[in-house]
Amino acid sequence: MEKKKLAEYKDWIFRRSAYQMALSAINFDQQTIAPIGGNAYRDARCAFLSGELFDITTEPKILAIIDELKDDETADPDDRKAAQLYSKQANDLLCIPKDEYVAYQNLLNEAYGIWLKAKQQDDYAIFAPTLQKLIETTKQIYSYRTSDLSLYDRMLDDYEPGMTMAKYDDFFNKLKERLVPLIAKVTAAEPLKCDFLYREYPVEQQKRFMDELLKYLHFDPEWGYQNETEHPFTDWICENDCRITTKYLPNNVISAVLSTVHEAGHAYYEHDCDPKYDGMILSDGISSGMHESQSRLCENYLGRSKAFWEYNFPILQKYFPEQLGDVTPDMFVDAINVSEPSLVRTEADELTYPMHILIRYEIEKGLFDGTIATDHLDEVWNVKYKEYLGIDVPNAKDGILQDVHWSGGSFGYFPTYALGSAFAAQFVHAMRKEIDVDEALCSGHYEIVMNWLKEKIHRYGCRYTAEEVLVMATGEPFNVDYYLDYLEDKYTKLYHLK
Ligand code: ZN
């Protein structure tokens, strides 16, 4: 490729990253500290900036350069890979007629309000016609793309490149086979004591513990910053500037802690990417599943472990001498790992969580192959909760209306949550062969674990596919057995099952 063209391409990457940085910073600000009164003015300017970004992203001159670069075997392999990703992104956008694209965006805005109203009034019938419209419009939008994949496969591939219904069917069948009986055994076992987690824990004290926890996590103020929000999330703003959020509950000592460990996991994934990719598409995470694998690895495999609390429990106890005076470290670790089938996905424990995802996956598949209708979908939902989790769903707001995803047109996203947990198990298994994870955690060396992840996963951004990274980091392709073995082993011991 000519030098001049390459320079134009690099300049385009720079311009694009400037808009992205501005929009990320405004988004973080809006979701944490910005006064609501400024919303209308801010939204209008953000829409303008997004429009500018759209125009830059689809500049015909640059798209022609990208098109040439993506097939140029003499080009730098990183540049070539980036061009392939940019090209796909642009083509997926440009194939949709502009008026239909705008109408779809309007439908999404409207759908959010209708979903919220339906949830508040606890009435699925309010949302059903909109859900039907969302499905039809989504089908129409996807029909413009040229692809050999079936419709739902295309959606799955958007969130987890390379995954298909055939692969997910296999994955979820294995989960079903081994987890349904395990959950039944755990539910029938003697319950573990965990009431002490829900005593009165003043938020001011929780924040003082949080300062110590962030130090333990090596979440460095040089590149990281934490604030509060309603639904915790992570935002990468620019090089050496990664923001995380949490939410404090006065009657729950563990919620803010585990959400922080989770979000810091996302932050490490973003921050530890090789700086040579910063501002480029290659600095993004590989996929939703891979991102979630990193946050869940931190939350579940580290943050809920005995070794983690061997170091941190005495500190927590120091801040809450009355509330935790009668609790031993072992009791505490058992309590934060309690499993009990429940209605709401975001509050589910590690063992029952994948069943919530399985239910959504089966429903989405049915909605897009026409075997399940949106009319009375709440009843289908409730039957599946009884079948897989053994519980009765008393209302729609904690049932079918609990998640925002469908109102945002995100079909095919849910399965990545379960996949991420399974990826994490395979990474941890490989990591334990190379470093002493427990020793690192109980001696205050969390960074040893983060460095392993950086070396094996984070530094590559999305330079490689999930499958390639799994093989590079663990020596073998994805194998769900690591996840199922881990859950069986953990819960058999925890509940003293036979
Ligand atoms: Zn997450």
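Small disclaimer: the values here were computed from a predicted structure and weren't measured.

Definitions and limits used
Residues numbered from 1 in each chain as written. Predicted model: local features only at pLDDT ≥ 70, side-chain atom pairs only at ≥ 80, totals over all residues. Heavy atoms only, no water. 1 Å grid on protein atoms, 1.4 Å probe; cavity = no way out; pocket = protein on both sides within 12 Å on 5 of 7 lines; lining within 4 Å. Points joined across faces, edges and corners; volume = space filled by probe spheres on them. Helix = DSSP H or I, 4+ residues; strand = E, 2+ residues; numbered from the N terminus. Nonpolar A, V, L, I, M, F, W, Y, C, P; charged D, E, K, R; others polar. Expected span 1.5 Å × (residues − 1). Buried < 20%, exposed > 50% of the residue type's maximum accessible area, 1.4 Å probe, protein only. Salt bridge = Lys/Arg side-chain N within 4 Å of Asp/Glu carboxyl O. Axes fitted to C-alpha atoms, helices over the stretch in contact; angles between N-to-C directions. Parallel < 35°, antiparallel > 145°, perpendicular 65-115°, else oblique. Left-handed = near helix turned anticlockwise from the far one by under 90°. Contact = heavy atoms within 4.5 Å. Patch = residues over 30% accessible without salt bridge, like charges linked within 9 Å, V, L, I, M, F, W, Y side chains within 5 Å. Areas by Shrake-Rupley, 256 points an atom, 1.4 Å probe, with all protein chains shown as cover. Donors = N, O, S within 2.8 Å, 3.2 Å for Na, K, Ca; no water. Tetrahedral: all angles 85-135°; square planar, octahedral: opposite > 155°, others 65-115°. Phe/Tyr/Trp six-rings, centres within 6.5 Å; stacked < 30°, edge-to-face > 60°. Core = buried A, V, L, I, M, F, W, Y, C linked by side-chain atoms within 4.5 Å.

Brief notes about the layout of surface pockets
Step number 1: If you add up the space inside the second largest pocket, you get close to 790 Å³.
Step number 2: Mapped by element, the contributors of at least two residues to the lining of the second largest pocket are α11 (288–302), α12 (306–319), α14 (329–335), α17 (415–434), α18 (437–442) and α21 (481–494).
Step number 3: Tallying contributions element by element places α21 first for the lining of the second largest pocket, with seven residues.
Step number 4: Within the lining of the second largest pocket, the residues separate by chemical class into 10 nonpolar, five polar and 12 charged.

Some thoughts on helix α5 (residues 98–120)
Given 3.6 residues per helical turn, the α-helix brings residues three or four places apart onto the same face.
Step number 1: Compared with the 33 Å implied by 1.5 Å per residue over 23 residues, the 34 Å span of α5 between its first and last C-alpha is a close match.
Step number 2: The complete set of buried residues in α5 reads Tyr-104, Leu-107, Leu-108, Ala-111, Trp-115 and Ala-118.
Step number 3: Backbone geometry just downstream of α5 places Asp-122 in the positive-phi region, at approximately 55 degrees.

Notes on unusual backbone geometry
Step number 1: Here His-218, not a glycine, exhibits a phi torsion of approximately 55 degrees, which is positive.
Step number 2: Mapped onto the elements of the fold, His-218 is located in the loop between α9 (203–216) and β1 (224–228).
Step number 3: Classification of His-218 by relative accessible area gives partly exposed; the value is 33%.
Step number 4: Within the chain, His-376 stands out as a residue other than glycine whose phi angle is a positive 60 degrees.
Step number 5: Looking at where His-376 falls in the secondary structure, it is placed in the loop between α15 (353–369) and α16 (377–389).

Remarks on the pattern of salt bridges
Step number 1: Across all of its chains, the model carries 40 salt bridges by this definition.
Step number 2: Residue Glu-59 is joined to Arg-15 by a salt bridge in which the shortest nitrogen-to-oxygen separation is 2.8 Å. One end of the pair, Glu-59, is in the loop between α2 (39–57) and α3 (60–70); the other, Arg-15, is in helix α1 (residues 3–32), with 44 residues separating them in the sequence.
Step number 3: A relative accessible area of 27% means that Arg-15 is categorised as partly exposed.

Re the packing of α17 against helix α19 (residues 446–456)
Step number 1: Contact geometry of α17 with α19 gives a least axis separation of 11 Å together with a crossing angle of 115 degrees. Taken together, the axes of α17 and α19 lie roughly perpendicular to each other. Relative to α19, α17 is oriented so that their crossing is right-handed. Together, Phe-427, Ala-430, Met-431 and Glu-434 of α17 and Val-449, Trp-452, Leu-453 and Lys-456 of α19 make up the contact between the two elements.
Step number 2: In the contact of α17 with α19, the residues fall into six nonpolar, no polar and two charged.

Some words on a nonpolar patch on the surface
Step number 1: A surface patch of nonpolar side chains, amounting to about 230 Å² of accessible area, comprises Tyr-112, Leu-116 and Val-404.
Step number 2: Inspection of the secondary structure puts Tyr-112 in helix α5.
Step number 3: Since its relative accessible area comes to 42%, Tyr-112 is described here as partly exposed.

So, the coordination of the zinc ion
Step number 1: Around the zinc ion, the protein supplies His-262 (NE2), His-266 (NE2), Glu-292 (OE) and Glu-292 (OE) as donor atoms, at distances of 2.1 to 2.6 Å.
Step number 2: Geometry at the zinc ion is irregular, judged from the four donor atoms that bind it and their angles of 49 to 127 degrees at the metal.
Step number 3: Expressed as a motif, the donor residue spacing for the zinc ion is H-x3-H-x25-E. Of this pair, His-266 sits in helix α10 (residues 255–271) while Glu-292 sits in helix α11, and the two are 26 residues apart along the sequence.
Step number 4: Accessibility expressed as a relative area gives 11% for His-266, which makes it buried.
Step number 5: Here Glu-292 falls in the buried class, since its relative accessible area comes to 9%.

Observations concerning α21
Step number 1: Taking 1.5 Å as the rise per residue, α21 with 14 residues should run 20 Å; its terminal C-alpha atoms sit 20 Å apart, in good agreement.
Step number 2: Looking only at α21, the buried set comprises Tyr-482, Tyr-483, Leu-484, Leu-487, Lys-490, Tyr-491 and Leu-494.
Step number 3: Of the surrounding secondary structure, the elements contacted by the buried residues of α21 are α8 (165–188), α11, α14, α15 and α17.
Step number 4: Just downstream of α21, His-496 is the residue with a positive phi angle, here 50 degrees.

Focus: the packing of aromatic side chains
Any pair of aromatic rings gets described here by the distance separating the centres and the angle formed by the planes.
Step number 1: Within the structure shown, the criterion is met by 37 aromatic pairs.
Step number 2: Each ring, one from Tyr-159 and one from Tyr-413, has its centre 5.0 Å from the other, and the planes form 70 degrees; the classification is edge-to-face. Note that Tyr-159 is positioned in helix α7 (residues 151–159) and Tyr-413 in the loop between α16 and α17, a separation of 254 residues in sequence.
Step number 3: Consider the rings of Phe-172 and Tyr-361, whose centres lie 4.8 Å apart with planes at 25 degrees: the pair is stacked. Pair noted here: Phe-172 is in helix α8 and Tyr-361 is in helix α15, with a separation of 189 residues, a long-range link.
Step number 4: Judged by its relative accessible area of 2%, Phe-172 falls in the buried class.

Some details on the side chain of Thr-130
Step number 1: Structurally, Thr-130 can be placed in helix α6 (residues 124–143).
Step number 2: If we ignore the near neighbours within four places in the chain, the residues touching Thr-130 are Ala-111 and Ile-114.

Here's the deal with the nonpolar core
Step number 1: Within the largest apolar cluster, 153 residues are counted, with the highest numbers of intra-cluster contacts made by Tyr-9, Trp-309, Phe-332 and Tyr-446.
Step number 2: Ranked by residues supplied to this core, first place goes to α17 with 11 residues.
Step number 3: Those residues in contact with Phe-332, other than ones at most four positions away along the chain, are Phe-196, Leu-197, Val-253, Ile-254, Trp-309, Phe-313, Leu-316, Leu-324 and Val-327.

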